[in-house]
Amino acid sequence: QVQLVESGGGLVQTGGSLRLSCAASGRTFVSYAMGWFRQAPGKGREFVAAINWSGSSTYYADSVKGRFTVSRDNTKYTLYLQMDSLKPEDTALYYCAAGLSRWVTTTTEPDFNSWGPGTQVTVSP
């Protein structure tokens, strides 16, 4: 399994931007699709975005489509999530996760088996 560590979270005002990063432990990173999920206080974890192994295909939750962009740099073993036009409802603990194969088969948690510890994003009104 690949080991993952997120960074880049913080406090931002409504309408602001943040870029999250997810550093992977090694070159097995390039063998897997990757995803971002989030969990708000008192709620379950939900899908945010995913990307296949090469970066040629991306997927987004409707709630973030047009505002968030997922990307990856396979030379740096790093996944990114650019978050623009942030809203208070985006406040959550954000996790990156590695998929089970090179392709994004579904956007549900069972299809991701390695998780980082998370990074907190807080958007003030």
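Refer to the structure printed above.
What counts as what
- Residues numbered from 1 in each chain as written.
- Predicted model: local features only at pLDDT ≥ 70, side-chain atom pairs only at ≥ 80, totals over all residues.
- Heavy atoms only, no water.
- Core = buried A, V, L, I, M, F, W, Y, C linked by side-chain atoms within 4.5 Å.
- Buried < 20%, exposed > 50% of the residue type's maximum accessible area, 1.4 Å probe, protein only.
- Helix = DSSP H or I, 4+ residues; strand = E, 2+ residues; numbered from the N terminus.
- Contact = heavy atoms within 4.5 Å.
- Salt bridge = Lys/Arg side-chain N within 4 Å of Asp/Glu carboxyl O.
- Disulfide = S-S within 2.5 Å.

Quick look at the nonpolar core
So, step 1. Counting 35 residues, the largest nonpolar core has Trp36, Leu79, Leu81, Met83 and Tyr94 as its most contacted members.
So, step 2. When residues of this core are traced back to their parent elements, those giving at least two are strand 3 (18-24), strand 4 (34-39), strand 5 (45-51), strand 7 (68-73), strand 8 (78-83), strand 9 (92-99) and strand 11 (119-124).
So, step 3. Setting aside chain neighbours within four positions, we find Leu81 in contact with Leu18, Arg19, Leu20, Trp36, Val48, Ala49, Phe68, Thr69, Val70 and Tyr94.

With respect to the pattern of salt bridges
Oppositely charged side chains are able to pair whenever their charged atoms sit close together.
So, step 1. In total, this model carries five salt bridges according to the counting rule given.
So, step 2. Glu46 serves as the salt-bridge partner of Arg38, at 2.6 Å between the closest nitrogen and oxygen.
So, step 3. The class of Glu46 is partly exposed, set by a relative accessible area of 36%.
So, step 4. The closest approach of N and O atoms between Lys65 and Asp62, which form a salt bridge, is 3.2 Å.
So, step 5. The exposure class of Asp62 is exposed, given its relative accessible area of 67%.
So, step 6. Through salt bridges with shared partners, a single network forms among Arg38, Glu46, Arg67 and Asp90.

Regarding the state of the cysteines
So, step 1. Counted by the stated rule, this structure contains one disulfide.
So, step 2. Each sulfur of the disulfide joining Cys22 and Cys96 lies 2.0 Å from the other. Handedness here is read from the sign of the S-S torsion; for Cys22 and Cys96, about 60 degrees, the answer is right-handed. Remark: Cys96 occurs in strand 9 and Cys22 occurs in strand 3; sequence separation between them is 74 residues.
So, step 3. Given a relative accessible area of 0%, Cys22 falls into the buried group.

Let's talk about unusual backbone geometry
So, step 1. The backbone of Tyr77 shows a phi angle near 50 degrees, a positive value even though the residue is not glycine.
So, step 2. Residue placement: Tyr77 occurs in the loop between strand 7 and strand 8.
So, step 3. A positive phi angle, close to 50 degrees, is found at Ser85, a residue other than glycine.
So, step 4. Note on placement: Ser85 falls in the loop between strand 8 and strand 9.
So, step 5. The exposure class assigned to Ser85 is partly exposed, which follows from its relative accessible area of 41%.

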